[in-house]
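Understanding the architecture of this molecule
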Amino acid sequence: MLTKRIIPCLDIKNGRTVKGVNFVDLRDAGDPVELAKIYSDEGADELVFLDISATEERRRTLVDLVRKVASTINIPFTVGGGISAVSDVEVLLQNGADKVSINSSAVKNPQLINDLAQKFGSQCVVVAIDAKQIDGQWIVHLVGGKVPTELNLFDWAQEVEQRGAGEILFTSMDNDGTKNGFANEALAKLSSLVNIPIIASGGAGNIQHFVDSFAKGKADAALAASVFHFKEIEIKTLKNELKKNNIEVRSVK
């Protein structure tokens, strides 16, 4: 049985870690390099770094900051934000990223998923999908959740798998920052439709929410930000509780 992964997420704006609610009202959460080292030392399984304003500001990811973070951690490192070409990914991988996350650029140019998977391998390609319910349908949104599309979450998830994505990072915009739990029904449906790992994102508020994301949502990994940044949940405590609930996780030293 594959172990379930716990993944802190660093949302970066202007070189600082930030966190909001429903993708707005951002507040400062600390220095990304310091936080990355803490999470790596505390037993996080992976780290995700999202330059959340890169697409909106039409610029590339903060490569210098990626390099600094990568030099301080010894766990797999996924970087996203502003990636729109194979050359962007080459630069990030050269500067310490292990995987890349693409979102808006994948919707605008789905062939990019194929190209990245072919060049770097599916294991390197995470497709992030931000979606929220509109009239009972899960609709994909772009540019940090600001632009709705006509894409259905589940149709798009199946397409990205077919195009070569190695993982899907699904964020429920309705749940994001609310601390009311993950979107487990949608997660479970996603898990039943695709054969690649699903990372749950949006809504973590307590340890039970993580338990539910694995037990009910069938997620392969759970990603969270503020509960880790503001010390509401310690990773070691979380993993110990998951084990008590018969959820396999990598032990913390």
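All of these numbers come straight from a predicted model, not from anything done at the bench.

Thresholds applied
Residues numbered from 1 in each chain as written. Predicted model: local features only at pLDDT ≥ 70, side-chain atom pairs only at ≥ 80, totals over all residues. Heavy atoms only, no water. Buried < 20%, exposed > 50% of the residue type's maximum accessible area, 1.4 Å probe, protein only. Helix = DSSP H or I, 4+ residues; strand = E, 2+ residues; numbered from the N terminus. Pairing = 2+ DSSP bridges. Core = buried A, V, L, I, M, F, W, Y, C linked by side-chain atoms within 4.5 Å. Contact = heavy atoms within 4.5 Å. Axes fitted to C-alpha atoms, helices over the stretch in contact; angles between N-to-C directions. Parallel < 35°, antiparallel > 145°, perpendicular 65-115°, else oblique. Left-handed = near helix turned anticlockwise from the far one by under 90°. Nonpolar A, V, L, I, M, F, W, Y, C, P; charged D, E, K, R; others polar. Salt bridge = Lys/Arg side-chain N within 4 Å of Asp/Glu carboxyl O. Arc of directions from axis to C-beta.

**Points about the pairing of strand 8 (residues 137-142)**
- Counted residue by residue, strand 8 has five buried out of six residues, so it is predominantly covered.
- Where strand 7 (residues 125-134) folds back on strand 8, the antiparallel hairpin that results is connected by two residues, among which D135 adopts a positive phi of roughly 55°.
- Hairpin connection of strand 8 to strand 9 (residues 147-152): four residues between the antiparallel strands, including V143 at a positive phi of 50°.

**A look at the nonpolar core**
- Counting residues in hydrophobic clusters, the biggest one holds 72 residues, and the most contacted among them are F170, F210 and F228.
- Setting aside residues no more than four positions away along its own chain, F210 makes contact with I6, F182, A204, A222, A224, V227, F228, I233, L238 and L242.
- Counting ten residues, the second largest nonpolar core, distinct from the first, contains V48, V126, A221 and L223.

**Describing the packing of helix 8 (residues 207-215) against helix 10 (residues 235-244)**
- The interhelical angle for the contact between helix 8 and helix 10, taken along N-to-C directions, is 50°, at an axis separation of 10 Å. When the axis of helix 8 is compared with that of helix 10, the two are oblique. In this structure, the crossing between helix 8 and helix 10 has a hand that is right-handed. Contacts from I207, F210, V211 and F214 of helix 8 reach helix 10 at T237, L238, E241 and L242.
- Here the contact of helix 8 with helix 10 is built from residues that sort into six nonpolar, one polar and one charged.

**Points about helix 8**
- Taken residue by residue, helix 8 has H209, F210, V211, D212, S213 and F214 as its buried positions.
- Looking at the buried residues of helix 8, the elements they touch are strand 1 (5-13), helix 7 (184-193), strand 11 (198-201), strand 12 (221-224), helix 9 (226-229) and helix 10.

**Some remarks on the pattern of salt bridges**
- Tallied over the entire structure, the rule returns twelve salt bridges.
- The residue R67 makes a salt bridge to D64 at a minimum N-O spacing of 2.8 Å. You can see R67 and its partner D64 sitting in helix 2 (residues 63-72), three residues apart, about one turn around the helix.
- Among the residues examined, R67 registers a relative accessible area of 40% and is labelled partly exposed.
- We classify D64 as partly exposed; its relative accessible area is 48%.
- Residues participating in the shared-partner salt-bridge network are R5, E46, K99 and E167.

**Details of helix 10**
- Buried residues of helix 10: I235, L238, K239 and L242, and no others. Within helix 10, the buried residues cover an arc of 95° as seen down the axis, which keeps them to one side.
- Among the structural elements, strand 1, helix 1 (32-42), helix 8 and helix 9 are those in contact with the buried residues of helix 10.
- Just downstream of helix 10, N246 is the residue with a positive phi angle, here 60°.

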